[in-house]
Amino acid sequence: RFFGWSHLAKHRTAMTRLNGPSSNAFGLTLGLLLSSPPFLPCAATDTGGGLGVQVYDGPTTCANNDADPNEPPTRVVNDYVVGLHFTVTVDESSKAGEHGAKIESSLDRGIAASFPVGQGKVIPGLDQGLVGLCKGSKAHIVIPPRLAYGDSGVPNSNVPGGATLRYDVEVLDIKKPSPNDFALIDQNNDGKLSKEEAKAYFDSKGQMIDLEALFKEEDKDGSGYVDWEEFSGPKGDGPPDIVVQEQRRRKMQNEQAAKARAAAQQQQAQAQEAQQQVSDIFQQMDGNGDGKISKEELAAAFVAMGSEMTKEFWEGSDVDGDGFVDFNEFVGDAGGKTKSDEL
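Residues numbered from 1 in each chain as written. Predicted model: local features only at pLDDT ≥ 70, side-chain atom pairs only at ≥ 80, totals over all residues. Heavy atoms only, no water.

Peer 1: Mind showing me how you'd approach the packing of helix α5 (residues 195–204) against helix α6 (residues 211–218) here?
Peer 2: In helix packing, the relevant descriptors are the interaxial angle and the interaxial distance, both defined with respect to the helix axes. The geometry of α5 relative to α6 is characterised by a closest axis approach of 11 Å and an angle of 125° between their N-to-C directions. Considered as vectors, α5 and α6 are oriented oblique to each other. Relative to α6, the crossing made by α5 is right-handed. Listed contacts from α6 to K195, A198, K199 and F202 of α5 are L211, E212, L214 and F215. The class makeup of the residues in the contact of α5 with α6 is five nonpolar, no polar and three charged. (Axes fitted to C-alpha atoms, helices over the stretch in contact; angles between N-to-C directions. Helix = DSSP H or I, 4+ residues; strand = E, 2+ residues; numbered from the N terminus. Parallel < 35°, antiparallel > 145°, perpendicular 65-115°, else oblique. Left-handed = near helix turned anticlockwise from the far one by under 90°. Contact = heavy atoms within 4.5 Å. Nonpolar A, V, L, I, M, F, W, Y, C, P; charged D, E, K, R; others polar.)

Here it is, written out as structure tokens:
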């Protein structure tokens, strides 16, 4: 039996028992790790000071008990996953925007957000302002523009350039980061593992590995790579950003393809309906049901509509000059008007 991800997973499970529980205390909210960070991806990278953090309810002092790995964390630190409710508004001190204007709130959706702190999943000011808060605390975090969205703001949103933001947050839970061997192996961060990356990883561990056997088992689609979904070892709390972006791209493509199919089906249905209407009109004019319209039958149709058929119209309708208008003549050239349109 080769030494593969399954062995590493067992090793990581044993380490997890030593380092503390890995159960998801957030429930469904942890599934929002990358899909619902508090308001848009990070647009600024400045990590300087200038933050204002005020705890107005709940505990103000707390500490993680590193001596007891089984004790759940109570203090937000970098790389730990935090679950929280938040409401973002334009702060009263802001030089831009309408003071107090609400930008977004997880309470409106009824779903808390969760993300690893300090990894750039959110704006720098929120990453910094959360560190040190306690589980169960509520706080106001005032974030200057340079730690939020800068002078450009967020186009097509309620965040103008130069806006100072105010986050009203409630820390619901804190979770230690999950083991992520996938990220350790994926050295070029392209969201998939090559044989070269796997070999380098196991070489660094001083472990012999049958790469061909490993990839035969893990590379389900035979692409020559092991992607995040195929990987059976420890891979954190959610897919890497590049995988999420690819999933979104594919979802958008599928939605666009579905819309195109629906539009094509609608056009086909409309064309069939129009053809049926023309056929019904032809049958109504074909009084004797012989599959062709005589000059007398067409003239009678004009009279029924309170008009009179002209000689030019008849000659233009009876293309082959046989004294009748068959269905093909009645329909006319493809893409042109039918005789029913001209009547």
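The rest of the description comes next.
Peer 1: Sorry, what's going on with the state of the cysteines here?
Peer 2: One covalent bond between the sulfur atoms of two cysteine residues makes up a disulfide. Counting across every chain of the model gives one disulfide. Across the disulfide, C62 is cross-linked to C134 (sulfur-sulfur distance 2.1 Å). Handedness of the C62-C134 disulfide follows from its S-S torsion of about -95°: it is left-handed. Residue C62 is located in the loop between β1 (52–57) and β2 (81–90), and its partner C134 is located in the loop between α3 (124–130) and β5 (138–143); the two are separated by 72 residues in the primary sequence. Both residues of the pair, C62 and C134, belong to the buried class. (Disulfide = S-S within 2.5 Å. Buried < 20%, exposed > 50% of the residue type's maximum accessible area, 1.4 Å probe, protein only.)

Peer 1: In this structure, what is going on with the layout of surface pockets? I would like to understand it.
Peer 2: A probe matching the size of a water molecule, rolled over the atoms, marks out where space remains unfilled. Estimates place the volume of the largest pocket at around 500 Å³. In terms of lining residues, the largest pocket is bounded by 23 residues, among which Q119, K121, N180, A183 and P240 are the most central. Counting only elements with at least two residues in the lining of the largest pocket, the list comes to α4 (181–185) and α7 (241–285). Class assignment for the residues of the lining of the largest pocket results in eleven nonpolar, six polar and six charged. (1 Å grid on protein atoms, 1.4 Å probe; cavity = no way out; pocket = protein on both sides within 12 Å on 5 of 7 lines; lining within 4 Å. Points joined across faces, edges and corners; volume = space filled by probe spheres on them.)

Peer 1: Whenever I open this one, the side chain of H140 confuses me. Can you help?
Peer 2: Here H140 lies in strand β5. There is a polar contact of 2.8 Å between the side chain of H140 and the side chain of R166. Sequence-distant contacts of H140, defined by excluding residues within four places in its chain, comprise G52, V53, Q54, Y56, R166, Y167 and D168. (Polar contact = N/O pair within 3.5 Å; in protein donor to acceptor, adjacent residues only side chain to side chain.)

Peer 1: Teacher, can you tell me more about the pairing of strand β6 (residues 165–175) here?
Peer 2: One face of the sheet, then the other: side chains in a regular strand alternate in exactly this way. Relative to β6, β2 is paired through ten bridges, and the arrangement is antiparallel. By the bridge assignment, V88 is partnered in β6 with Y167. By the bridge criterion, six bridges tie β5 to β6 in an arrangement that is antiparallel. If you follow A139 over to β6, its bridge partner there is V169. (Pairing = 2+ DSSP bridges.)

Peer 1: Just checking my understanding: could you explain the nonpolar core for this structure?
Peer 2: Side chains that are nonpolar tend, in soluble globular proteins, to be buried together. Ranked by internal contacts, the top residues of the largest apolar core, which has 30 residues, are L126, L130, L165, Y167 and V169. Elements supplying a minimum of two residues to this core: β2, β4 (113–116), α3, β5 and β6. For L165, the contacting residues outside a window of four places in its chain are V88, T89, D91, I103, I123, I141, V142, I143, A148, Y149 and V159. Core analysis: the next-biggest nonpolar cluster, separate from the first, contains 14 residues, F182, A198, F215 and V243 among them. (Core = buried A, V, L, I, M, F, W, Y, C linked by side-chain atoms within 4.5 Å.)

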